[in-house]
Amino acid sequence: MDEPGKKIYLIGFMGSGKTTLGRKLASELDWTFIDLDNIIEERTGMRIPEIFSSKGEPWFRIAESEALRSLLGEEKVVISTGGGTPCSDDNMKFMAETGLTIYLKMSPDQLYRRLAGSQEERPLLKGHGTDDLPRYIEKKLDEREKWYSMASVTTGGEECTVSQLLTQIKDWIQK
Ligand code: S3P
């Protein structure tokens with residue numbers, strides 16, 4: 001079998017900075033940046049909140065897994081995944097087998113500060129008011145940690161820079 005092209009998958013909770021760091025990382029490496037949510041939106045012709053409200057979460061998860069697998073042939077790409085991507089359909093295993101998985105870890109407090117006010121664009125957070133959002137984030141993060149912690153590299157936090165990340169992954173890049 002041909003080697004699949006080199007790929008970096010950024011994983012982590014909503015609001016952990018996957019898209020921002022992913023763009024910077026791709027630009028440093030001179031690779032292509034791909035946002036998995038954008039791929040799903042392009043293919044379905046719907047925005048993510050609309051997919052959740054009209055089709056439901058199970059439908060979204062299937063579209064998400066298909067979109068992820070459709071990128072297999074891509075070469076030198078940094079892929080920013082959705083917060084729930086690693087947690088369904090053996091997706092974590094698929095990513096570990098086809099690229100380098102990097103977990104951008106943030107504390108529930110940091111995530112809360114970054115996510116408060118973004119409920120409209122994030123269907124899973126819709127309906128969680130200021131008083132119950134911290135608890136929801138903590139619980140969901142705790143549930144997801146078992147997948148996130150399978151990543152090959154863990155980094156993150158608000159101070160995480162691309163140059164630090166590049167130092168962490170330079171051996172893999174050079175392989
Ligand atoms: C989701 C995260 C979102 C998006 C969808 C579901 C999740 O992506 O895929 O709203 O299950 O955590 P971001 O992590 O980029 O916000």
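Going by the structure above, here's the rest.
Residues numbered from 1 in each chain as written. Predicted model: local features only at pLDDT ≥ 70, side-chain atom pairs only at ≥ 80, totals over all residues. Heavy atoms only, no water.

**As for the packing of helix 2 (residues 36-44) against helix 4 (residues 57-70)**
Running from N to C, helix 2 and helix 4 point in directions that differ by 105 degrees, and their axes come no closer than 9 Å. For the element pair helix 2 / helix 4, the angle class is roughly perpendicular. Residue-level contacts link Leu36, Asp37, Ile39, Ile40, Arg43 and Thr44 of helix 2 to Trp59, Phe60, Ala63, Glu64, Ala67, Leu68 and Ser70 of helix 4. Taken together, the residues of the contact of helix 2 with helix 4 break down into 8 nonpolar, 2 polar and 3 charged. (Axes fitted to C-alpha atoms, helices over the stretch in contact; angles between N-to-C directions. Helix = DSSP H or I, 4+ residues; strand = E, 2+ residues; numbered from the N terminus. Parallel < 35°, antiparallel > 145°, perpendicular 65-115°, else oblique. Contact = heavy atoms within 4.5 Å. Nonpolar A, V, L, I, M, F, W, Y, C, P; charged D, E, K, R; others polar.)

**Let's talk about the packing of aromatic side chains**
Under the defined criterion, the tally for this structure stands at 3 aromatic pairs. Between Phe52 and Phe60 the ring centres are 4.8 Å apart and the planes differ by 40 degrees, which places this aromatic pair in the tilted class. For Phe52, a relative accessible area of 16% translates into the label buried. In this structure, Lys6 is placed above the aromatic ring of Trp172, and the distance from its NZ or CZ to the ring centre is 4.5 Å. (Phe/Tyr/Trp six-rings, centres within 6.5 Å; stacked < 30°, edge-to-face > 60°. Buried < 20%, exposed > 50% of the residue type's maximum accessible area, 1.4 Å probe, protein only. Lys NZ or Arg CZ within 6 Å of the ring centre and 35° of its normal.)

**A word on the pattern of salt bridges**
Enumeration according to the criterion identifies 9 salt bridges in this entry. Here Lys105 ties to Glu145 by a salt bridge, and the two come within 3.2 Å at their closest N and O atoms. One end of the pair, Lys105, is in the loop between strand 4 (100-104) and helix 6 (108-115); the other, Glu145, is in helix 7 (residues 133-148), with 40 residues separating them in the sequence. A salt bridge links Glu158 to Arg113, with the nearest nitrogen and oxygen atoms 3.7 Å apart. (Salt bridge = Lys/Arg side-chain N within 4 Å of Asp/Glu carboxyl O.)

**Digging into the pairing of strand 1 (residues 7-11)**
The buried fraction of strand 1 is high, at 5 of 5 residues. Taking every second residue as pointing to the same face, both faces of strand 1 are buried, with Lys7, Tyr9 and Ile11 on one and Ile8 and Leu10 on the other. With 4 bridges connecting them, strand 1 and strand 3 (residues 77-80) associate as parallel partners. Looking at the pairing, Ile8 lines up with Val78 of strand 3. Bridge count for strand 1 against strand 4 is 4 bridges, and the pairing is parallel. Counted as the bridge partner of Ile11 is Tyr103 from strand 4. (Pairing = 2+ DSSP bridges.)

**Focus on the site of the ligand**
Looking at the ligand, there are 14 residues lining it, with Lys18, Asp37, Arg61, Gly83 and Arg144 nearest. Between the ligand and Lys18 there is a distance of 2.5 Å, counted from an oxygen atom to a side-chain nitrogen or oxygen. One nitrogen or oxygen atom from the main chain of Gly84 is found 3.3 Å from an oxygen atom belonging to the ligand. In the complex, the protein chains occlude 93% of the 390 Å² of accessible area that the ligand would expose alone. Because more than half of its atoms lie within 2 Å of the grid, the ligand is assigned to the largest pocket. (Near = heavy atom within 4 Å. Polar contact = N/O pair within 3.5 Å; in protein donor to acceptor, adjacent residues only side chain to side chain. Areas by Shrake-Rupley, 256 points an atom, 1.4 Å probe, with all protein chains shown as cover. 1 Å grid on protein atoms, 1.4 Å probe; cavity = no way out; pocket = protein on both sides within 12 Å on 5 of 7 lines; lining within 4 Å. Sits in = over half its atoms within 2 Å of the grid points.)

**A short note on the sheet that holds strand 4**
Strand order in the open sheet formed by 5 strands is 2-3-1-4-5, and the pairing between neighbours is parallel. Only two strands of the sheet have a single neighbouring strand rather than two, namely strand 2 (32-35) and strand 5 (153-155). Taken over all neighbouring pairs, the strand axes of this sheet differ in orientation by 20 degrees on average, direction set aside. Strand direction decides the pairing type here: strand 2 and strand 3, joined by 4 bridges, are parallel. Its bridge partner lying in strand 3, Phe33 is registered against Val78. Its contacts with the sheet place helix 8 (residues 162-174) against strand 1, strand 4 and strand 5, and it is angled at close to 170 degrees to strand 5.

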